[in-house]
Amino acid sequence: SSLRIIMDKDERHPGEGQRRIRQLAENTRYFRSELYKKGLVIYGADDSPVVPLILFTPQQVTIISELFLRIGIGIVIVGYPATPLLECRLRFCLSASHTREMLDYCLHIIDDISQMFGLAFLKNRPIPPIPFPMPHEQLKNFTIL
C-alpha cells in the first residue's frame, strides 16, 4: 500500500518512500518559487504541496477554471462563502509523480492566463508593510496593489 511505501516498510520498494517525500518537497519548492517570480499571490506554508493562487476577483474564478479544464490541468476552485469574498483562489495540488516538464507546462499555462486576466499583482512591486491594526487616519490614503 502507499502508506507502507511512504514509511519504507515495503521490501519490494526499498527507499522509495523517502525518494517520494524528497521529490514532493522539491516539486513544491520549485512550483511555489516560480509562481512567486511571476508576481502571483500565493498563500499557505512554503512546504505545502497544496498551492492556493489568489485571484482577488470572484467573477473570474469560473472562467479561469474552465480554461484550465479545457487545457487538461486539474485544479480546485475555492470561493465565497468558503473564503472571504475577495480571496477566491485556485488550488494546485502537487504530487511526487509530477515531472519537471509537467510543472513547467503548468507554469507556462498559468503565466499565459495570469497575463490575460492581470493576475500578477506583485510583479515588480515591493510589498509595502501594512500596520495592523491600521490607524483610522491611514485608511484614507491606503491603496491596494
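For the structure, see preceding data.
As the structure is a prediction and not an experimental result, all values here were calculated from the model.

Asker: Help me out: how do you make sense of the nonpolar core in this one?
Answerer: Nonpolar side chains in soluble globular proteins tend to be buried together. Counting residues in hydrophobic clusters, the biggest one holds 26 residues, and the most contacted among them are Phe-31, Phe-68, Phe-92 and Ile-110. With 6 residues, the single largest contributor to this core is helix H4 (residues 100-117). When near neighbours in sequence (up to four residues on either side) are disregarded, Phe-31 contacts Val-51, Phe-92, Leu-94, Leu-103, Cys-106, Leu-107 and Ile-110.

Asker: Could you clarify how one ought to interpret unusual backbone geometry in this entry?
Answerer: Glycine aside, residues mostly have negative phi, and peptide bonds are mostly found in the trans state. That bond from Tyr-80 to Pro-81 is cis: its omega, 10°, falls within 30 degrees of zero. Non-glycine residue Phe-56 carries a positive phi angle of around 70°. In this fold, Phe-56 is placed in the loop between strand S1 (50-54) and helix H3 (61-71). Judged by its relative accessible area of 28%, Phe-56 falls in the partly exposed class.

Asker: Teacher, can you tell me more about the layout of surface pockets here?
Answerer: Over the atoms rolls a probe the size of a water molecule, and in doing so it shows where empty space is left. The space that makes up the second largest pocket amounts to roughly 160 Å³. Lining the second largest pocket are Phe-31, Ile-73, Gly-74, Phe-92, Cys-93, Leu-94, His-98, Met-102, Leu-103 and Cys-106. Put simply, the parts of the chain that give the lining of the second largest pocket at least two residues each are strand S3 (89-93) and H4. The dominant element in the lining of the second largest pocket, judged by the number of residues it contributes, is H4, at 3 residues. Partitioning the lining of the second largest pocket into residue classes produces 8 nonpolar, 2 polar and no charged.

Asker: I would appreciate a short explanation of the packing of aromatic side chains in the present structure.
Answerer: Each aromatic ring pair is summarised here by two numbers: the centre-to-centre distance and the angle between the ring planes. Inspection of every chain in the model, using the stated rule, returns 2 aromatic pairs. Members of the aromatic cluster, each reached through a chain of ring pairs, are Phe-31, Phe-68 and Phe-92. The residue whose ring lies beneath Arg-100 is Tyr-30, and the NZ or CZ to ring-centre distance is 3.6 Å.

Criteria and cut-off values
Residues numbered from 1 in each chain as written. Predicted model: local features only at pLDDT ≥ 70, side-chain atom pairs only at ≥ 80, totals over all residues. Heavy atoms only, no water. Core = buried A, V, L, I, M, F, W, Y, C linked by side-chain atoms within 4.5 Å. Buried < 20%, exposed > 50% of the residue type's maximum accessible area, 1.4 Å probe, protein only. Helix = DSSP H or I, 4+ residues; strand = E, 2+ residues; numbered from the N terminus. Contact = heavy atoms within 4.5 Å. 1 Å grid on protein atoms, 1.4 Å probe; cavity = no way out; pocket = protein on both sides within 12 Å on 5 of 7 lines; lining within 4 Å. Points joined across faces, edges and corners; volume = space filled by probe spheres on them. Nonpolar A, V, L, I, M, F, W, Y, C, P; charged D, E, K, R; others polar. Phe/Tyr/Trp six-rings, centres within 6.5 Å; stacked < 30°, edge-to-face > 60°. Lys NZ or Arg CZ within 6 Å of the ring centre and 35° of its normal.

Note that every value here comes from positions in space, so none of it alone points to a role or purpose.
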